[in-house]
Amino acid sequence: MKQEFTRIAVKVGSNVLTRRDGTLDVTRMSALVDQIAELHKAGVEVILISSGAVASGRSEIRTLKKLDSIDQRQLFSAVGQAKLINRYYELFRDHGIPVGQVLTTKESFGTRRHYLNQKNCMTVMLENGVIPIVNENDTISVTELMFTDNDELSGLIASMMDTQALIILSNIDGIYNGSPNDPSSSVIREIGHGKDLSSYIQTSKSSFGRGGMLTKTNIARKVADEGITVIIANGKRDNILVDILQKPEETLCTRFTPSQEPVSSIKKWIAHSEGFAKGEIHMNECATEVLNSDKAVSILPVGITRIEGEFEKDDIVRIIDFRGNAVGVGKANCDSAQAREAMGKHGKRPVVHYDYLYIE
């Protein structure tokens, strides 16, 4: 049977891999590996973004003294990551498939050089039949620089690796049109562009993960805007991954329709770089209006009213409209001193070129 996708990112959440007592669910893990192996053998390249390190370490260690949440997270993830990757290694080895560990941090996406370095590493792995298993390096991530959760990380990876689909496996069947606990609620099967879901989404966090459904939908939206299909499904359902790819019509899940407009790889990077912004460029009403039109426009000094913060050339900056709303991000074409010097003047080169500008 012809596969709809040939390269996918699969994100497996803590709630899929964790039992009620907080320990690792090895049976579920084994079932997911069997499915990924089946897809791999059918010619689908799979990048696995896996939670579960903290849960894996939690069952391994009885702490002697009371630890704060960051110390606990670092300790459990350091021990748990080794155990988790070893378990994956053994499970995939039974299928004759090699795997490689990729540990990353939010900062690794902050510069174009680091970003491309990671991309190259995973590309080489895929070219050689190795399945990359990606996780945040919790041992060195500090709270303010952490990903919201692995959903955010999986969105970045899917975008960076030009996958055709991102499949987010949670412990519910998708996005519901009410509370998932309400028997009258049902799963929204298809979500098109611009549909407002805020009235449906439950904002409660999952019991083991850091992110809730709101995070998932925000990330799904952004990734779908980049032309990637995003699917949210229940990772505890038997054969869910294979069914999504081979029986899409019959499989219960929520699918975000991808944009048909192609997005350049540099714009994909910039779209996910808001967290790394070093400064702000404030625009006047006229420049805001042009930016919101369908024209391909750069940000010129004449339309700038204020520069906030200090930044170097090629740093990421936030774009602020005349009302004070953040409307996008871009890569600065000059440093903040040069931008201030040119501000309000005609005939100067763009402060942010259209090719390096992402408007939300």
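Structure first, text after, so check above.
Note that the structure is predicted; figures quoted are calculated from it, not measured.

Draft legend 1. Structural detail: the layout of surface pockets. For the largest pocket, the calculated volume is near 1000 Å³. Lys 222, Asp 225, Tyr 358, Ile 359 and Glu 360 are, among the 33 residues lining the largest pocket, the residues nearest its centre. Listed by contribution, the elements that provide at least two residues to the lining of the largest pocket are α6 (150-160), α7 (213-225) and β13 (357-359). Top element by residues in the lining of the largest pocket is α7. It accounts for 6 residues. Class assignment for the residues of the lining of the largest pocket results in 10 nonpolar, 11 polar and 12 charged.

Draft legend 2. Geometry of the nonpolar core. Counting residues in each nonpolar core, the largest one holds 40 residues, and the members touching the most others are Ile 47, Phe 109, Met 122, Val 134, Ile 157, Val 230 and Phe 256. When contributions to this core are tallied by element, the ones reaching two or more residues are β2 (45-50), α5 (112-127), α6, β5 (165-170), α7, β7 (229-234) and α9 (265-271). When residues no more than four places from it in sequence are discounted, the contact partners of Val 230 are Leu 166, Ile 168, Ala 220, Val 223, Ala 224, Thr 254, Arg 255 and Phe 256. Core analysis: the second largest hydrophobic core is formed by 37 residues, Val 46, Phe 92, Ile 131 and Ile 133 among them.

Draft legend 3. Local environment of the sheet that holds strand β8 (residues 254-256). As summarised here, the arrangement of the 8 strands in space is β3-β4-β2-β1-β5-β7-β8-β6, forming an open sheet in which the pairing is mixed. Strand pairing shows two members of the sheet lacking a second neighbour, β3 (99-104) and β6 (190-191), which therefore form its edges. Alignment of β6 against β8, held across 2 bridges, turns out to be parallel. Paired with Glu 190 across the two strands is Arg 255, which belongs to β8. Running at roughly 155° to β2, helix α2 (residues 26-41) makes contact with β1 (7-12), β2, β4 (131-136) and β5 of the sheet.

Draft legend 4. Structural detail: the sheet that holds strand β10 (residues 304-308). Spatially, the 5 strands line up as an open sheet ordered β10-β9-β11-β12-β13, and their pairing is mixed. With partners counted over all chains shown, the strands left at the sheet margins are β10 and β13, one partner each. Here the strands of the sheet are splayed against their neighbours by 20° on average, with no regard to which way each runs. Note that strand β12 (residues 326-331) and β13 share 3 bridges and pair antiparallel. Residue pairing for β13: Gly 328 is matched across the bridge by Ile 359.

Draft legend 5. Quick peek at unusual backbone geometry. The residue Asp 162 is not glycine, and still its phi comes out positive at about 50°. Mapped onto the secondary structure, Asp 162 falls in the loop between α6 and β5. Given the relative accessible area of 38%, Asp 162 is considered partly exposed.

Draft legend 6. Up close: the packing of aromatic side chains. Tallying each qualifying case throughout the model produces 3 aromatic pairs. On the numbers, 6.1 Å between centres and 70° between planes, the contact of Phe 109 with Tyr 115 is edge-to-face. Judged by its relative accessible area of 0%, Phe 109 falls in the buried class. Looking at Tyr 115, the relative accessible area reads 3%, which means it is buried. Seen from their ring centres, Tyr 115 and Trp 269 are 6.1 Å apart, and the 50° between their planes marks the pair as tilted. With Tyr 115 in helix α5 and Trp 269 in helix α9, this pair connects stretches of sequence that are 154 residues apart. On the basis of relative accessibility, which here comes to 1%, the residue Trp 269 falls in the buried class. One residue, Lys 267, lies across the ring of Tyr 354, its end atom 3.7 Å from the ring centre.

Cut-offs used in this document
Residues numbered from 1 in each chain as written. Predicted model: local features only at pLDDT ≥ 70, side-chain atom pairs only at ≥ 80, totals over all residues. Heavy atoms only, no water. 1 Å grid on protein atoms, 1.4 Å probe; cavity = no way out; pocket = protein on both sides within 12 Å on 5 of 7 lines; lining within 4 Å. Points joined across faces, edges and corners; volume = space filled by probe spheres on them. Helix = DSSP H or I, 4+ residues; strand = E, 2+ residues; numbered from the N terminus. Nonpolar A, V, L, I, M, F, W, Y, C, P; charged D, E, K, R; others polar. Core = buried A, V, L, I, M, F, W, Y, C linked by side-chain atoms within 4.5 Å. Buried < 20%, exposed > 50% of the residue type's maximum accessible area, 1.4 Å probe, protein only. Contact = heavy atoms within 4.5 Å. Pairing = 2+ DSSP bridges. Axes fitted to C-alpha atoms, helices over the stretch in contact; angles between N-to-C directions. Phe/Tyr/Trp six-rings, centres within 6.5 Å; stacked < 30°, edge-to-face > 60°. Lys NZ or Arg CZ within 6 Å of the ring centre and 35° of its normal.

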